[in-house]
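# Observations on chain architecture
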Amino acid sequence: MKKPGRNDECWCGSGKKYKKCHIDFDERMEEIEAQGHQIPDHSLLKTKEQIEKIKESAKINIAVLDYVAEHIRAGISTAEIDRWVHDITVRMGGIPAPLNYEGFPKSVCTSINDEVCHGIPSEDIILKDGDIVNVDVSTNLNGYFSDSSRMFCIGEVSAEKEALVDAAKQALQEGLKEVKPWKFLGDMGNAVNEYVKSCGYSVVREVGGHGIGLEFHEDPWVSYVTEPNTGMLMVPGLMFTIEPMINMGKAPIYTDEKNGWTIYTKDGLPSAQWEIQVLVTEDGYEIITY
Ligand SMILES: [Zn+2]
(Lines give C-alpha, C1' and ligand atoms only; values in the text may rest on other atoms or scores of the structure.)
Protein backbone atom coordinates (compact mmCIF):
# COMPACT_ATOMS: atom_id res chain seq x y z
CA MET A 1 0.00 0.00 0.00
CA LYS A 2 1.38 3.42 -0.97
CA LYS A 3 0.69 5.93 1.80
CA PRO A 4 1.10 9.70 1.91
CA GLY A 5 3.04 11.40 4.72
CA ARG A 6 0.94 12.29 7.80
CA ASN A 7 0.76 15.97 6.82
CA ASP A 8 0.36 15.34 3.08
CA GLU A 9 -2.96 15.42 1.31
CA CYS A 10 -5.01 12.23 1.65
CA TRP A 11 -5.16 9.89 -1.35
CA CYS A 12 -8.98 9.99 -1.36
CA GLY A 13 -9.33 13.43 -2.94
CA SER A 14 -10.95 15.02 0.16
CA GLY A 15 -8.26 17.71 0.25
CA LYS A 16 -7.72 16.94 3.97
CA LYS A 17 -4.40 16.02 5.53
CA TYR A 18 -3.80 12.27 5.58
CA LYS A 19 -3.57 12.18 9.40
CA LYS A 20 -7.06 13.74 9.60
CA CYS A 21 -8.56 11.51 6.92
CA HIS A 22 -7.81 7.92 5.89
CA ILE A 23 -4.86 7.11 8.16
CA ASP A 24 -6.88 4.90 10.55
CA PHE A 25 -8.69 3.35 7.62
CA ASP A 26 -5.40 2.35 5.99
CA GLU A 27 -4.07 0.94 9.25
CA ARG A 28 -7.20 -1.18 9.64
CA MET A 29 -6.78 -2.45 6.06
CA GLU A 30 -3.12 -3.26 6.71
CA GLU A 31 -4.02 -5.26 9.82
CA ILE A 32 -6.47 -7.31 7.79
CA GLU A 33 -3.94 -7.78 5.02
CA ALA A 34 -1.42 -9.01 7.61
CA GLN A 35 -3.92 -11.74 8.51
CA GLY A 36 -3.55 -13.03 4.94
CA HIS A 37 -6.51 -11.30 3.33
CA GLN A 38 -6.70 -9.50 0.01
CA ILE A 39 -7.32 -5.75 0.31
CA PRO A 40 -8.29 -3.35 -2.49
CA ASP A 41 -5.77 -0.96 -3.96
CA HIS A 42 -6.66 2.70 -3.29
CA SER A 43 -7.12 3.14 -7.05
CA LEU A 44 -10.19 0.87 -6.89
CA LEU A 45 -11.95 3.06 -4.31
CA LYS A 46 -14.17 5.61 -6.02
CA THR A 47 -14.13 9.25 -4.97
CA LYS A 48 -17.32 11.29 -4.49
CA GLU A 49 -16.80 13.00 -7.84
CA GLN A 50 -16.23 9.71 -9.63
CA ILE A 51 -19.35 8.21 -8.06
CA GLU A 52 -21.46 11.15 -9.30
CA LYS A 53 -20.15 10.65 -12.84
CA ILE A 54 -20.72 6.90 -12.72
CA LYS A 55 -24.30 7.59 -11.61
CA GLU A 56 -24.81 9.76 -14.72
CA SER A 57 -23.71 6.77 -16.80
CA ALA A 58 -26.07 4.54 -14.80
CA LYS A 59 -29.02 6.79 -15.66
CA ILE A 60 -28.57 5.80 -19.29
CA ASN A 61 -28.19 2.13 -18.42
CA ILE A 62 -31.42 2.16 -16.41
CA ALA A 63 -33.33 4.12 -19.09
CA VAL A 64 -32.25 1.63 -21.75
CA LEU A 65 -33.37 -1.38 -19.73
CA ASP A 66 -36.65 0.34 -18.82
CA TYR A 67 -37.28 0.83 -22.55
CA VAL A 68 -36.48 -2.81 -23.27
CA ALA A 69 -38.84 -3.88 -20.47
CA GLU A 70 -41.69 -1.91 -22.04
CA HIS A 71 -41.17 -3.06 -25.62
CA ILE A 72 -39.77 -6.59 -25.59
CA ARG A 73 -42.25 -9.16 -26.91
CA ALA A 74 -42.67 -12.31 -28.98
CA GLY A 75 -42.01 -11.83 -32.70
CA ILE A 76 -39.16 -9.33 -32.52
CA SER A 77 -35.57 -10.22 -33.34
CA THR A 78 -32.74 -9.75 -30.88
CA ALA A 79 -31.21 -7.42 -33.50
CA GLU A 80 -34.18 -5.13 -32.82
CA ILE A 81 -33.21 -5.02 -29.13
CA ASP A 82 -29.66 -4.20 -30.20
CA ARG A 83 -30.93 -1.22 -32.21
CA TRP A 84 -32.98 0.07 -29.25
CA VAL A 85 -29.97 -0.17 -26.94
CA HIS A 86 -27.63 1.48 -29.41
CA ASP A 87 -29.97 4.31 -30.37
CA ILE A 88 -31.09 5.25 -26.84
CA THR A 89 -27.55 5.10 -25.46
CA VAL A 90 -26.18 7.32 -28.23
CA ARG A 91 -29.12 9.73 -28.04
CA MET A 92 -28.43 10.17 -24.30
CA GLY A 93 -24.76 10.91 -25.01
CA GLY A 94 -23.24 7.54 -24.15
CA ILE A 95 -21.49 4.71 -25.97
CA PRO A 96 -22.65 1.10 -25.63
CA ALA A 97 -19.67 -0.42 -23.77
CA PRO A 98 -19.95 -3.91 -25.34
CA LEU A 99 -19.67 -2.60 -28.93
CA ASN A 100 -16.24 -3.65 -30.25
CA TYR A 101 -15.20 -4.68 -26.72
CA GLU A 102 -12.53 -7.32 -27.42
CA GLY A 103 -14.19 -7.69 -30.82
CA PHE A 104 -17.78 -8.12 -29.62
CA PRO A 105 -19.86 -7.15 -32.67
CA LYS A 106 -23.02 -5.68 -31.07
CA SER A 107 -24.15 -3.12 -28.48
CA VAL A 108 -25.80 -5.54 -26.04
CA CYS A 109 -25.81 -9.21 -25.03
CA THR A 110 -29.09 -11.10 -25.45
CA SER A 111 -29.02 -14.61 -23.99
CA ILE A 112 -32.02 -16.90 -24.41
CA ASN A 113 -32.98 -20.08 -22.48
CA ASP A 114 -29.89 -22.33 -22.33
CA GLU A 115 -27.60 -19.45 -23.29
CA VAL A 116 -25.85 -18.48 -20.06
CA CYS A 117 -24.44 -15.15 -21.28
CA HIS A 118 -22.81 -13.26 -24.18
CA GLY A 119 -25.54 -14.10 -26.68
CA ILE A 120 -25.03 -12.04 -29.86
CA PRO A 121 -28.10 -10.21 -31.22
CA SER A 122 -29.16 -11.33 -34.70
CA GLU A 123 -31.91 -10.69 -37.26
CA ASP A 124 -32.31 -14.48 -37.36
CA ILE A 125 -33.11 -14.90 -33.66
CA ILE A 126 -36.81 -14.21 -33.13
CA LEU A 127 -38.21 -14.18 -29.60
CA LYS A 128 -41.06 -16.61 -29.09
CA ASP A 129 -43.66 -17.42 -26.49
CA GLY A 130 -42.09 -19.26 -23.56
CA ASP A 131 -38.55 -17.90 -23.97
CA ILE A 132 -36.64 -16.42 -21.06
CA VAL A 133 -34.15 -13.75 -22.13
CA ASN A 134 -31.35 -11.93 -20.38
CA VAL A 135 -30.60 -8.47 -21.76
CA ASP A 136 -27.23 -7.22 -20.49
CA VAL A 137 -26.63 -3.50 -20.98
CA SER A 138 -23.40 -1.61 -20.32
CA THR A 139 -22.78 2.09 -20.84
CA ASN A 140 -19.69 4.24 -21.23
CA LEU A 141 -20.44 7.91 -20.54
CA ASN A 142 -17.36 10.12 -20.80
CA GLY A 143 -15.19 7.26 -19.55
CA TYR A 144 -17.48 6.27 -16.63
CA PHE A 145 -19.03 2.83 -16.80
CA SER A 146 -22.29 1.25 -15.73
CA ASP A 147 -23.49 -2.32 -16.23
CA SER A 148 -26.67 -4.22 -15.37
CA SER A 149 -28.94 -6.88 -16.77
CA ARG A 150 -32.50 -8.08 -16.36
CA MET A 151 -34.46 -11.17 -17.29
CA PHE A 152 -37.58 -11.00 -19.42
CA CYS A 153 -40.24 -13.70 -19.75
CA ILE A 154 -41.77 -13.74 -23.23
CA GLY A 155 -45.49 -14.49 -23.29
CA GLU A 156 -46.52 -17.61 -21.39
CA VAL A 157 -43.46 -19.11 -19.70
CA SER A 158 -43.39 -22.51 -17.95
CA ALA A 159 -43.64 -22.53 -14.16
CA GLU A 160 -40.17 -24.11 -13.99
CA LYS A 161 -38.58 -21.31 -16.00
CA GLU A 162 -40.44 -18.65 -14.05
CA ALA A 163 -39.20 -20.12 -10.76
CA LEU A 164 -35.64 -20.05 -12.09
CA VAL A 165 -35.95 -16.40 -13.11
CA ASP A 166 -37.37 -15.49 -9.69
CA ALA A 167 -34.63 -17.37 -7.86
CA ALA A 168 -31.93 -15.63 -9.90
CA LYS A 169 -33.41 -12.29 -8.84
CA GLN A 170 -33.71 -13.28 -5.18
CA ALA A 171 -30.09 -14.48 -5.23
CA LEU A 172 -29.02 -10.82 -5.62
CA GLN A 173 -30.94 -9.90 -2.46
CA GLU A 174 -29.28 -12.73 -0.54
CA GLY A 175 -25.87 -11.51 -1.71
CA LEU A 176 -26.67 -7.87 -0.90
CA LYS A 177 -27.40 -8.74 2.73
CA GLU A 178 -23.67 -9.51 3.04
CA VAL A 179 -22.40 -6.35 1.33
CA LYS A 180 -21.01 -4.31 4.23
CA PRO A 181 -17.71 -2.58 4.83
CA TRP A 182 -15.05 -4.76 6.48
CA LYS A 183 -16.69 -7.99 5.31
CA PHE A 184 -15.33 -10.04 2.41
CA LEU A 185 -16.55 -10.63 -1.11
CA GLY A 186 -16.54 -14.33 -0.30
CA ASP A 187 -19.28 -13.70 2.30
CA MET A 188 -21.47 -12.23 -0.45
CA GLY A 189 -20.71 -15.03 -2.92
CA ASN A 190 -21.31 -17.73 -0.34
CA ALA A 191 -24.74 -16.26 0.49
CA VAL A 192 -25.66 -16.35 -3.20
CA ASN A 193 -24.47 -19.92 -3.63
CA GLU A 194 -26.16 -21.23 -0.48
CA TYR A 195 -29.47 -19.74 -1.55
CA VAL A 196 -29.19 -21.09 -5.09
CA LYS A 197 -28.31 -24.57 -3.82
CA SER A 198 -31.33 -24.47 -1.48
CA CYS A 199 -33.51 -23.95 -4.58
CA GLY A 200 -31.97 -27.01 -6.25
CA TYR A 201 -30.12 -24.96 -8.88
CA SER A 202 -26.44 -24.37 -9.51
CA VAL A 203 -24.21 -21.30 -9.92
CA VAL A 204 -21.88 -21.00 -12.91
CA ARG A 205 -18.26 -21.07 -11.71
CA GLU A 206 -16.21 -19.83 -14.64
CA VAL A 207 -17.95 -16.50 -15.29
CA GLY A 208 -18.51 -13.91 -12.58
CA GLY A 209 -18.86 -10.26 -11.76
CA HIS A 210 -16.21 -7.58 -11.74
CA GLY A 211 -15.12 -4.26 -10.42
CA ILE A 212 -16.40 -1.39 -12.55
CA GLY A 213 -16.49 2.39 -12.80
CA LEU A 214 -13.43 3.86 -14.44
CA GLU A 215 -13.09 0.80 -16.67
CA PHE A 216 -15.70 -1.61 -18.02
CA HIS A 217 -13.99 -4.45 -16.15
CA GLU A 218 -11.78 -3.73 -13.14
CA ASP A 219 -10.52 -5.78 -10.22
CA PRO A 220 -11.78 -7.63 -8.30
CA TRP A 221 -13.17 -10.60 -10.13
CA VAL A 222 -16.38 -11.57 -8.32
CA SER A 223 -17.15 -15.25 -7.88
CA TYR A 224 -20.33 -16.64 -6.31
CA VAL A 225 -18.86 -20.00 -5.46
CA THR A 226 -16.84 -18.88 -2.48
CA GLU A 227 -16.22 -19.54 1.18
CA PRO A 228 -17.08 -16.96 3.85
CA ASN A 229 -14.19 -14.85 5.12
CA THR A 230 -12.32 -15.14 1.79
CA GLY A 231 -11.82 -12.90 -1.23
CA MET A 232 -11.27 -9.17 -1.37
CA LEU A 233 -12.08 -7.02 1.63
CA MET A 234 -15.08 -4.75 1.03
CA VAL A 235 -14.55 -1.13 2.09
CA PRO A 236 -16.42 2.10 1.29
CA GLY A 237 -15.81 3.20 -2.30
CA LEU A 238 -15.38 -0.30 -3.71
CA MET A 239 -17.74 -0.82 -6.65
CA PHE A 240 -18.56 -4.09 -8.39
CA THR A 241 -21.31 -6.08 -10.08
CA ILE A 242 -23.34 -8.88 -8.57
CA GLU A 243 -24.44 -11.06 -11.47
CA PRO A 244 -24.60 -14.76 -10.69
CA MET A 245 -25.61 -17.01 -13.57
CA ILE A 246 -28.02 -19.61 -12.23
CA ASN A 247 -28.48 -22.92 -14.07
CA MET A 248 -31.64 -24.96 -13.65
CA GLY A 249 -29.52 -28.12 -13.95
CA LYS A 250 -25.81 -28.62 -13.49
CA ALA A 251 -23.16 -25.90 -13.40
CA PRO A 252 -20.92 -26.87 -16.36
CA ILE A 253 -20.93 -24.61 -19.42
CA TYR A 254 -19.27 -24.40 -22.83
CA THR A 255 -18.46 -21.62 -25.29
CA ASP A 256 -19.79 -21.50 -28.86
CA GLU A 257 -16.78 -22.36 -31.03
CA LYS A 258 -18.17 -20.60 -34.10
CA ASN A 259 -18.67 -17.13 -32.64
CA GLY A 260 -16.22 -17.44 -29.72
CA TRP A 261 -18.62 -15.63 -27.37
CA THR A 262 -21.89 -17.27 -26.50
CA ILE A 263 -21.84 -19.52 -23.44
CA TYR A 264 -24.36 -22.35 -23.05
CA THR A 265 -25.25 -24.79 -20.31
CA LYS A 266 -23.69 -28.17 -21.01
CA ASP A 267 -26.88 -30.05 -20.09
CA GLY A 268 -29.05 -27.83 -22.31
CA LEU A 269 -31.26 -26.72 -19.41
CA PRO A 270 -32.15 -23.04 -19.02
CA SER A 271 -30.02 -20.46 -17.22
CA ALA A 272 -31.05 -17.11 -15.72
CA GLN A 273 -29.15 -14.03 -14.56
CA TRP A 274 -29.88 -10.61 -13.15
CA GLU A 275 -27.12 -8.09 -12.65
CA ILE A 276 -26.75 -5.03 -10.44
CA GLN A 277 -23.85 -2.66 -9.89
CA VAL A 278 -23.25 -1.83 -6.25
CA LEU A 279 -21.13 0.58 -4.24
CA VAL A 280 -19.93 -0.31 -0.75
CA THR A 281 -20.83 2.60 1.57
CA GLU A 282 -20.02 3.53 5.19
CA ASP A 283 -22.96 1.50 6.49
CA GLY A 284 -23.76 -1.03 3.77
CA TYR A 285 -24.32 -0.59 0.07
CA GLU A 286 -25.93 1.54 -2.59
CA ILE A 287 -27.34 0.10 -5.81
CA ILE A 288 -25.88 2.15 -8.69
CA THR A 289 -27.70 0.48 -11.56
CA TYR A 290 -30.18 -2.36 -12.00
ZN1 LIG B 1 -9.09 10.44 2.82
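In the block above lies the structure referred to throughout.
A cis amide bond, omega -5°, links Asp219 with the succeeding residue Pro220. The residue Pro220 is located in strand β8 (residues 218-222) in this model. Backbone geometry at His118 places phi at a positive 60°, although glycine is not the residue there. With respect to the helices, strands and loops of the structure, His118 is situated in the loop between β3 (115-117) and β4 (132-141). Residue His118 is classed as partly exposed on the basis of its relative accessible area of 25%. For Trp182, which is not glycine, the phi dihedral falls at a positive 75°. Here Trp182 shows up in the loop between α4 (159-176) and α5 (185-198).

Mapped onto the elements of the fold, Lys48 is located in helix α2 (residues 48-71). Along the chain, Lys48 and Gly237 lie 189 residues apart, while their C-alpha atoms are 8.5 Å from each other.

Okay, the coordination of the zinc ion next. Note on metal geometry: ideal angles are 109.5 degrees for four donors arranged tetrahedrally and 90 or 180 degrees for six donors arranged octahedrally. Distances from the zinc ion to its protein donors, Cys10 (SG), Cys12 (SG), Cys21 (SG) and His22 (ND1), fall within 2.0 to 2.3 Å. The coordination sphere of the zinc ion comprises 4 donor atoms, whose angles at the metal cover 106 to 113°; the geometry is tetrahedral. Donor residues binding the zinc ion come from one chain and are separated in sequence as C-x1-C-x8-C-H. Linking Cys12 in the segment before α1 (23-34) with His22 in the segment before α1, this pair joins segments that are 10 residues apart in sequence. Note on accessibility: Cys12 and His22 belong to one class, buried.

Thresholds applied
Residues numbered from 1 in each chain as written. Predicted model: local features only at pLDDT ≥ 70, side-chain atom pairs only at ≥ 80, totals over all residues. Heavy atoms only, no water. Helix = DSSP H or I, 4+ residues; strand = E, 2+ residues; numbered from the N terminus. Buried < 20%, exposed > 50% of the residue type's maximum accessible area, 1.4 Å probe, protein only. Donors = N, O, S within 2.8 Å, 3.2 Å for Na, K, Ca; no water. Tetrahedral: all angles 85-135°; square planar, octahedral: opposite > 155°, others 65-115°.

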